Amino acid sequence: SSHTVSATFGNLHQAAESGFIRALIGILNRNPRHFHLFARLSASDFRSMRGVLHAEGVLPRVRFLGPMTDAGHLLAAVDVYLAPFPECEAESVMDALGAGVPVVVRRAASDSPGSAAAEVAGIADLIAPGDADYGVIADRLIRNPELRARLSDQAVDRFHAEFHPGRPAERLIQFLRTL
């Protein structure tokens, strides 16, 4: 009843050596009833992370769902989306926002491949300036269902305001009216 689930989707070819996997291990260690899902991983991503997670004793609470073209249907079972860093696919962040799942994102340098993720997430309470802050934000969301619900509402609002499929057409019409 008090279990929570986080997820990460996408390409994680540098995850075993990254601060992200260290942050995830810390989150799992501090929240013993929390589980994490990985989806859309390659076999090499899985192998590189499995050993690290096993050595840290958290592997039993991590599920690798393998490669899949659409992991969006899994978001209904997810409480918190943990965007990987240093690289992150903005599409996965947008999918989570659209599903009303709060997305924890680490701010990246403006020229790095993961810089778009924080811009897409766009909710200040969910953007971590550094690795340690990333874990703090995730812990708060995992432990506080009211905060999760509030930020879930903000995620849906952000998605509809900025990324809903009809939104670009509305902006174009507004622009054309100014001409």
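Residues numbered from 1 in each chain as written. Predicted model: local features only at pLDDT ≥ 70, side-chain atom pairs only at ≥ 80, totals over all residues. Heavy atoms only, no water.

Caption draft 1: Here's a closer look at the overall build of the protein chain. A count of helical and extended segments in the protein chain gives 7 helices and 6 strands. Among the 179 residues that make up the protein chain, the fraction classed as buried is 46%. For the protein chain, restricting intrachain contacts to residue pairs at least 6 apart in sequence, the fraction spanning at least 24 positions comes to 72%. When the accessible surface of the protein chain is split by element, carbon and sulfur atoms take 55% of a total near 8,900 Å². (Helix = DSSP H or I, 4+ residues; strand = E, 2+ residues; numbered from the N terminus. Buried < 20%, exposed > 50% of the residue type's maximum accessible area, 1.4 Å probe, protein only. Contact = heavy atoms within 4.5 Å. Areas by Shrake-Rupley, 256 points an atom, 1.4 Å probe, with all protein chains shown as cover.)

Caption draft 2: Spatial organisation of the nonpolar core. In this structure, F38, L53, L82, V93 and Y134 are the most contacted members of the largest nonpolar core, which totals 55 residues. Considering every element that reaches this core, the biggest residue donor is helix α1 (residues 19-30), with 7 residues. (Core = buried A, V, L, I, M, F, W, Y, C linked by side-chain atoms within 4.5 Å.)

Caption draft 3: Local environment of the packing of aromatic side chains. Counted according to the given criterion, the structure contains 5 aromatic pairs. Both rings, one in F38 and one in F64, keep their centres 5.3 Å apart while their planes meet at 10°; by these two values the pair is stacked. With F38 in strand β2 (residues 34-39) and F64 in strand β3 (residues 62-64), the pair connects residues that are 26 residues apart, well separated along the chain. Classification of F38 as buried rests on a relative accessible area of 0%. On the numbers, 4.9 Å between centres and 70° between planes, the contact of F85 with Y134 is edge-to-face. You can see F85 sitting in the loop between β4 (80-82) and α3 (90-98) and its partner Y134 sitting in helix α5 (residues 131-143), a full 49 residues away along the chain. Of the two residues, F85 and Y134, both sit in the buried class. Each member of the aromatic cluster is reached from another via a ring pair, and the members are F20, F85 and Y134. (Phe/Tyr/Trp six-rings, centres within 6.5 Å; stacked < 30°, edge-to-face > 60°.)

Note that every value here comes from positions in space, so none of it alone points to a role or purpose.
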